[in-house]
Amino acid sequence: MKIVVPLNQVPDLVEDLEIADSGKELDFEVLKMKLNEFDDHALEEALQIKESSGGEVTAVAVDGPEVDKVLFTALAKGADKAVKITGANPHADNHTQARVLAGAVGQLGADLVLVGVQSAGDRDGQLGPLLAAYLNWPGVCVVSGLKPEGGKLTFHKEYAGGLMAEFEVDLPAVMGVQAARATPRYAPVSKVRQVQTTAKIESLAAAAAGDVPAASVEKMEPPVKGAGAKMLKSAADIIQVLKEKGVV
Amino acid sequence: MGDVYVVAEHLNGELAEMTFEMLVHARGLAGGVGGSVTAVLIGGTDAMAAKLGAADKVIRVAAEADYNPDTYAAGLKAVVDAKKPQVVMAGNTSQGMDLANALSARNNMPMAAACLKVSAAGGNVHAVSQLYGGKMNVTSNLGSGPCVVTVAAGAVSADGGRKDGAPASEDGGKAPAATKLRFKKLIQPEKGDVDITTQDVLVAVGRGIGKKEDIEVAVELADKLKAAVAASRPIIDAGWMPKSRQVGKSGLKVKPKVYLALGISGAPEHLEGMKNSATIIAVNTDKNAPIFDVAHYGLVGDLFDVVEEMMDEL
Ligand SMILES: Cc1cc2nc3c(=O)[nH]c(=O)nc-3n(C[C@H](O)[C@H](O)[C@H](O)COP(=O)(O)OP(=O)(O)OC[C@H]3O[C@@H](n4cnc5c(N)ncnc54)[C@H](O)[C@@H]3O)c2cc1C
């Protein structure tokens, strides 16, 4: 079983987000980026599948700042191969990314592609189902509990209120992973450094994205805040509110 | 003249709340594009159609009652290919994400996701997407041709979209059965030891709690307040608390008298589950955390210090 996991970096949302001078996108130059947490879950699930039922895990990422760190970290966590896609824009919209990835998956070959269910900047849709459509494979969003068997995969698709459905799919397929069966593993810096000296990242030239439907950005702005919260100064103020509400 | 097609969503035999919210969005938009509102009901029942009175028309597509991404996507595509609506609207939900993205890619229709607002001006459709965990709104121009939007939950009240009485119905044919993807069964949510949807007071913990052992801090506070402990999704995914305690989009919707959020950022998926609580009090170290926009009271600070001081005072 060959599993491909595309990895994307997203801004760390705990930090302040700066808008670029264009007023249309974030200022990626100054932002602190980190691996999309849902991609981390997709990678973890791929590694879990490999460890429980065998297989080969390939991490892929579009060339850009810190991409080597992301890919070496994936190798340190247990991925078998790391592939850097060169000549594409890591901040491109998801339709373009999906086209580029469809080209890469075609060249690398895969039985299963695991993508994070969503990414913080998903303006034009989600990568997983777009990629599935471009590959003409079945694609399902918001999944967990993946169990491969033979050329098939059973999985859960999550709805609202804790309701789920179980499906079975003939591979190859693309899954938008919500949560891995275990907390994504951590690769210590020392391990990443060691991998950096021994392992190699392969390069793959991006296929032309071709025509993708484009919705142009008009503007980006922080949401207009309503009245917002009344800011309190201390824990005692919280107690006061709880008293007013009759809780204590 | 553009029509707006709403992909009516149903779950567990019932129309989803999102369906009615979409009908509200669609009504406003249809005025702008000069067309009408059509609900596309795939695999639905007569009882569901009878609740879609806020639409001008319903197109019924025959399919298995239980959602199958491939079958439903093919059924929707056939309707869109035949009718060529200007805007196809789906929920930014588990089902809607599958269907909208597949349609956008296959039919080369531009798409905007997680929209708070969709409007038309000068013949073009514009949509405001809620991105970056609710910290940025981005407006897209989807042009004057066919396009796809997914709507974020809770941007409008569903009430305006609830109107009984089936609109005129049209046969949308039978969705081609999926060949590679098979629905097996629905798995109903597990019942927990505590029903967080019926509590007056909830102490909710998020990733700011840091580690499993420290949930005890919240449990102690909850005991003092005769409250139950709830949590954001990452706490459940980490296996620190059972799924029955999860608040949000894929968890439970709660409406307690008081919701005390400790170390929860306020991602849209979390807010979806608790923003109608009577009183929301949030404690967070990040003064810009989106939770402070929905909270009634906020305190910028370390949750451990705050809880400790509260325990001393109580
Ligand atoms: C399809 C889908 C469904 C989802 N469903 C749900 C759902 O049902 N429920 C849900 O909750 N999420 C859901 N999510 C996940 C959601 O997108 C967020 O990832 C999640 O809500 C974040 O949880 P959090 O606020 O606890 O963590 P974070 O976003 O990491 O926030 C942690 C916060 O704690 C603060 N903090 C850190 N340390 C401290 C401290 N010592 N004291 C005080 N504050 C501190 C930080 O400033 C930060 O704001 C869903 C996502 C998807 C894609």
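The paragraphs below set out a description of the structure included in this document. Residue positions within a chain follow its written sequence, with the count starting from 1. Going through the entries in the order they are written, you letter the chains from A and number the ligands from 1. This being a predicted model, a pLDDT of at least 70 is required before a residue's local features are given, and a value of 80 or more before pairs of side-chain atoms are given or counted; all residues contribute to the totals for chains, interfaces and linings. With hydrogens and water set aside, each side-chain value is computed from the structure's full complement of heavy atoms.

### Considerations on the overall build of chain A
Numbered from the N terminus, helices here are DSSP runs of H or I no shorter than four residues, and strands are runs of E no shorter than two. A count of helical and extended segments in chain A gives 6 helices and 13 strands. C-alpha atoms of chain A, sized along the principal axes, occupy 60 × 45 × 40 Å. Residue contacts are defined here by distance: any two heavy atoms, one from each residue, within 4.5 Å place the two residues in contact. For chain A, the proportion of contacts with a sequence separation of at least 24, taken over those separated by at least 6, is 69%. Exposure was quantified through the Shrake-Rupley algorithm and a 1.4 Å probe, taking into account, for residues, occlusion by the shown protein chains and nothing else. Carbon and sulfur atoms make up 48% of the accessible area of chain A, which amounts to about 10,400 Å² in all. Here chain A contributes 25 positively and 34 negatively charged side chains, and the mean placements of these two sets differ by 4 Å. By the counting scheme adopted, Arg and Lys are positive, Glu and Asp are negative, and His together with the chain ends is not counted. Just so you know, the charge point we use is NZ for Lys, CZ for Arg, CG for Asp and CD for Glu.

### Focus on the packing of helix H3 (residues 94-108) of chain A against helix H4 (residues 127-135) of chain A
All names here are of chain A. The axes used here are C-alpha line fits, helices contributing only the stretch in contact, and every angle between their N-to-C directions lies in the interval 0 to 180 degrees. Put simply, H3 and H4 touch, their axes get as near as 8 Å, and they point 50° apart. Here H4 runs oblique to H3, going by the angle between their axes. The chirality of how H3 crosses H4 is right-handed. Two secondary-structure elements touch here, H3 through Asn94, His95, Gln97, Ala98, Arg99, Leu101, Ala102 and Val105 and H4 through Leu127, Leu130, Leu131, Tyr134 and Leu135. For this classification, under 35 degrees means roughly parallel, over 145 means roughly antiparallel, 65 to 115 means roughly perpendicular, and everything else is oblique. For any helix crossing, the convention is left-handed if the near helix is rotated counterclockwise from the far helix by under a right angle, and right-handed if that rotation is clockwise.

### Notes on a negative patch on the surface
Residues and elements named next belong to chain B. A surface patch of like charges, here negative, comprises Asp302, Asp305, Glu308, Glu309, Asp312 and Glu313. Counting through the fold element by element, Glu308 comes out in helix H9 (residues 303-313). Relative accessibility under 20% of the residue-type maximum defines a buried residue, over 50% an exposed one, and the middle range a partly exposed one, all with a 1.4 Å probe and only protein chains included. Residue Glu308 is classed as exposed on the basis of its relative accessible area, which comes to 53%. Like-charged residues are merged into a patch within 9 Å and nonpolar side chains (Val, Leu, Ile, Met, Phe, Trp, Tyr) within 5 Å, provided each residue has over 30% relative accessible area and no salt bridge. Basic side-chain nitrogens of Lys or Arg form a salt bridge, by our definition, when they fall within 4 Å of a carboxyl oxygen of Asp or Glu.

### Quick word on the sheet that holds strand S6 (residues 112-116) of chain A
Spatially, the 10 strands line up as an open sheet ordered S11(A)-S5(A)-S4(A)-S1(A)-S6(A)-S10(A)-S7(A)-S8(A)-S9(A)-S12(B), and their pairing is mixed. The open sheet has two free edges, formed respectively by strand S11 (202-205) of chain A together with strand S12 (181-187) of chain B, since each of these has just one partner strand. Taken pair by pair, the neighbouring strands of this sheet meet at an average axis angle of 30°, ignoring direction. Whether two strands pair comes down to DSSP finding at least two bridges between them. Relative to strand S4 (residues 56-62) of chain A, strand S1 (residues 2-6) of chain A is paired through 5 bridges, and the arrangement is parallel. The residue bridging Val4 of chain A from the neighbouring strand is Thr58 of chain A, located in S4 of chain A.

### Some remarks on the nonpolar core
In these notes, a set of buried Ala, Val, Leu, Ile, Met, Phe, Trp, Tyr and Cys residues joined through side-chain atoms within 4.5 Å is what counts as a nonpolar core. Counting 66 residues, the largest nonpolar core has Val5, Leu114, Phe155 and Met175 of chain A as its most contacted members. A per-element tally of this core places helix H2 (residues 67-77) of chain A first, with 7 residues. Non-local contacts of Val5 of chain A, meaning those with residues more than four positions away in its chain, are made with Asp39, Ala42, Leu43, Ala46, Val57, Thr58, Ala59, Val60 and Leu114 of chain A. Among the nonpolar cores identified, the runner-up in size contains 34 residues, and Ala215 of chain A together with Leu15, Ala30 and Leu52 of chain B belong to it.

### Brief notes about the interface of chain A and chain B
Taken together, the contact pairs 80 residues of chain A with 78 residues of chain B. At the boundary of chain A with chain B, total buried surface from both sides reaches about 6,900 Å², with 60% on carbon and sulfur atoms. Counting every contact that joins chain A to chain B gives 7 salt bridges. A salt bridge links Arg182 of chain B to Asp170 of chain A; the shortest N-O distance between them is 2.6 Å. Here a polar contact means two N or O atoms within 3.5 Å. Within protein one must be a hydrogen donor candidate and the other an acceptor candidate, and residues neighboring in sequence count only if both atoms are side-chain atoms. Joining chain A to chain B, the criterion identifies 34 residue pairs in polar contact (both at pLDDT 80 or more). Elements represented by at least two residues in the side of chain A that touches chain B include exactly H4, strand S7 (139-149), strand S8 (152-158), strand S9 (164-170), strand S12 (216-221), strand S13 (230-231) and helix H6 (235-244) of chain A. Once two parts are joined, some of their accessible surface, as seen by a 1.4 Å probe, is lost; buried area is that loss totalled over both.

### Concerning the sheet that holds S13 of chain A
The parallel open sheet is built from 6 strands, whose spatial order is S13(A)-S17(B)-S16(B)-S15(B)-S13(B)-S14(B). Each of the sheet's edge strands pairs with one partner strand only, and the pair in question is S13 of chain A together with strand S14 (228-231) of chain B. Where S13 of chain A lies against strand S17 (residues 297-300) of chain B, 2 bridges are found, and the strand directions are parallel. Each residue of the ladder has a partner; that of Lys230 of chain A, found in S17 of chain B, is Tyr297 of chain B.

### Some points on the environment of Val254 of chain B
All names here are of chain B. Its place among the elements puts Val254 in the loop between helix H6 (233-237) and strand S15 (258-262). Judged by its relative accessible area of 4%, Val254 is buried. For the pair Val254 and Met274, spaced 20 residues apart in sequence, the C-alpha to C-alpha distance is 5.3 Å.

### Overview of the packing of aromatic side chains
Two rings belonging to Phe, Tyr or Trp (six-membered ring only in the last case) form a pair when the distance between their centres is within 6.5 Å. Interplanar angles under 30 degrees mark stacking, angles over 60 mark edge-to-face geometry, and anything in between is tilted. Within this structure, the stated rule accounts for 4 aromatic pairs over all chains. Ring plane angle 75° and centroid distance 5.7 Å describe the contact between Phe167 of chain A and Phe183 of chain B, whose orientation is recorded as edge-to-face. Of the two residues, Phe167 of chain A is situated in strand S9 and Phe183 of chain B in strand S12; the pairing between them involves two chains. The residues Phe167 of chain A and Phe183 of chain B share a single accessibility class, namely buried.

### Overview of the site of the ligand
Consider each residue's heavy atoms; a residue with any of them within 4 Å of a molecule or strand counts as near. Near the ligand there are 30 residues, and of these Ser232, Gln246, Val247, Ser265 and Asn284 of chain B occur at the shortest range. The site occupied by the ligand is bordered by residues of chains A and B. In this structure, Val247 of chain B approaches the ligand through a main-chain N or O atom, which is 2.7 Å from a nitrogen atom. For the ligand, the protein covers 89% of the area, taking 980 Å² as the surface of the free molecule. Ten residues, namely Ala, Val, Leu, Ile, Met, Phe, Trp, Tyr, Cys and Pro, are considered nonpolar, four, namely Asp, Glu, Lys and Arg, are considered charged, and the remaining ones, Gly among them, are considered polar. Looking at the shell around the ligand residue by residue, the classes come out as 8 nonpolar, 15 polar and 7 charged.

### Things to note about the pattern of salt bridges
Counted by the stated rule, this structure contains 30 salt bridges over all chains. Across the salt bridge formed by Lys243 of chain B and Glu158 of chain A, the nearest N and O atoms sit 3.3 Å from each other. In this pair, Lys243 of chain B is assigned in the loop between H6 and S15 and Glu158 of chain A in strand S8, connecting two distinct chains. The buried category is assigned to Glu158 of chain A, whose relative accessible area is 5%. Between Glu168 of chain A and Arg182 of chain B there is a salt bridge, with the nearest N and O atoms lying 2.8 Å from each other. With Glu168 of chain A in strand S9 and Arg182 of chain B in strand S12, the pair connects residues from two separate chains. Taken together, the shared-partner salt bridges in this structure form one network comprising Lys152, Glu168 and Asp170 of chain A together with Arg182 of chain B.

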